[in-house]
Amino acid sequence: SASQFVYAYLTKTLGIEHLDAIIATHPHEDHIGGLPGALNACTVGAVYSPVTQWDTKVFSSLVKYTERQGISLTVPSIGDSFYLGSAQVTFLSDGQGFTDTNDMSLVVRVDCGSTSFLFTGDAEWNSEHALLANGQRLQATVLKVGHHGSHTSTSDAFLDAVSPTYAVISCETGNSYGHPHAETLNKLRAAGVQLFRTDD
């Protein structure tokens, strides 16, 4: 159903025929379930993922439709970057060295003029602290809040380093996990961050 939605949105609503890049943050279905639809709708320049193999039906589908385009999944290295027009996209985390699947998330920074975006996937505290320890440039205008606003992400030190003006939480209305958690919402409010939520 996710792939059908993405396919229809790209082809009928947007009329897009080519995507320069797809980033599969990590193998969980709620992050890659729609990507086979995107690969069916458009030609794609590159597909980035922290892994090239994962024992689930949805990941196998992602691999199959990527290979049908004559390309393979690319595992980026920290510091790898590419341009989308005038915007620079940089991988701050390659997801390697973690046993927890959420912490394997590719963390991506997008710089466009004086505006910057930090996309964290489902990265949790271990990944956040690795980013801090590696001395990555984390300050960003907009933070895509990690793990749907769960209390397992957005540690105090990480939020202080990013110091965003805006934050976006992607979560389903009435989800069974209780996302976003009050602890995370309180941190963002206390930091004076303007918050946008997909469930609102």
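The shown structure was predicted, so the numbers you read here are calculated from the model rather than taken from an experiment. (Residues numbered from 1 in each chain as written. Predicted model: local features only at pLDDT ≥ 70, side-chain atom pairs only at ≥ 80, totals over all residues. Heavy atoms only, no water.)

As a further point, take the sheet that holds strand β2 (residues 22–23). The strands making up a sheet are joined through hydrogen bonds of the backbone, oriented either antiparallel or parallel. The sheet built from three strands is open, its strands ordered β2-β4-β5 with parallel pairing. If you trace the sheet from one side to the other, it starts and ends with β2 and β5 (73–74), each paired once. Looking at chain direction, strand β4 (residues 47–48) and β5 are connected through two bridges and run parallel. Looking across to β5, one finds that Val-47 is bridged to Leu-73. (Pairing = 2+ DSSP bridges. Helix = DSSP H or I, 4+ residues; strand = E, 2+ residues; numbered from the N terminus.)

This part takes up the pairing of strand β11 (residues 166–169). Only one face of β11 is covered, namely the one carrying Ala-167 and Ile-169; the face carrying Tyr-166 and Val-168 has none of its residues buried. Across three bridges, strand β10 (residues 142–144) lies against β11 in parallel orientation. Among the inter-strand pairings, Val-142 is bridged to a residue of β11, identified as Tyr-166. In the classification by handedness, the crossover that spans β10, the intervening helix α6 (residues 156–162) and the parallel β11 is right-handed. Across four bridges, the pairing between β11 and strand β12 (residues 194–197) is parallel. Note that in β12 the partner of Tyr-166 across the bridge is Gln-194. (Buried < 20%, exposed > 50% of the residue type's maximum accessible area, 1.4 Å probe, protein only. Right-handed = clockwise from strand over helix to strand, strands pointing away.)

In this section: the side chain of Lys-187. Checked against the element boundaries, Lys-187 lands in helix α7 (residues 182–190). Under the relative-accessibility criterion, Lys-187 is labelled buried at 13%. A polar atom in the side chain of Lys-187 sits 2.9 Å from the backbone oxygen of Thr-154. The contact partners of Lys-187, leaving out residues within four places of it in the chain, are Trp-125, Thr-154, Ser-155, Asp-156 and Leu-159. (Polar contact = N/O pair within 3.5 Å; in protein donor to acceptor, adjacent residues only side chain to side chain. Contact = heavy atoms within 4.5 Å.)

Moving on, we get to the environment of Thr-43. With respect to the secondary-structure elements, Thr-43 resides in strand β3 (residues 43–44). As a C-alpha pair, Thr-43 and Glu-17 span 26 residues in sequence and 6.4 Å in three-dimensional space. If near-sequence neighbours (up to four positions away) are discounted, Thr-43 is found in contact with Glu-17, His-18, Leu-19 and Gln-69.

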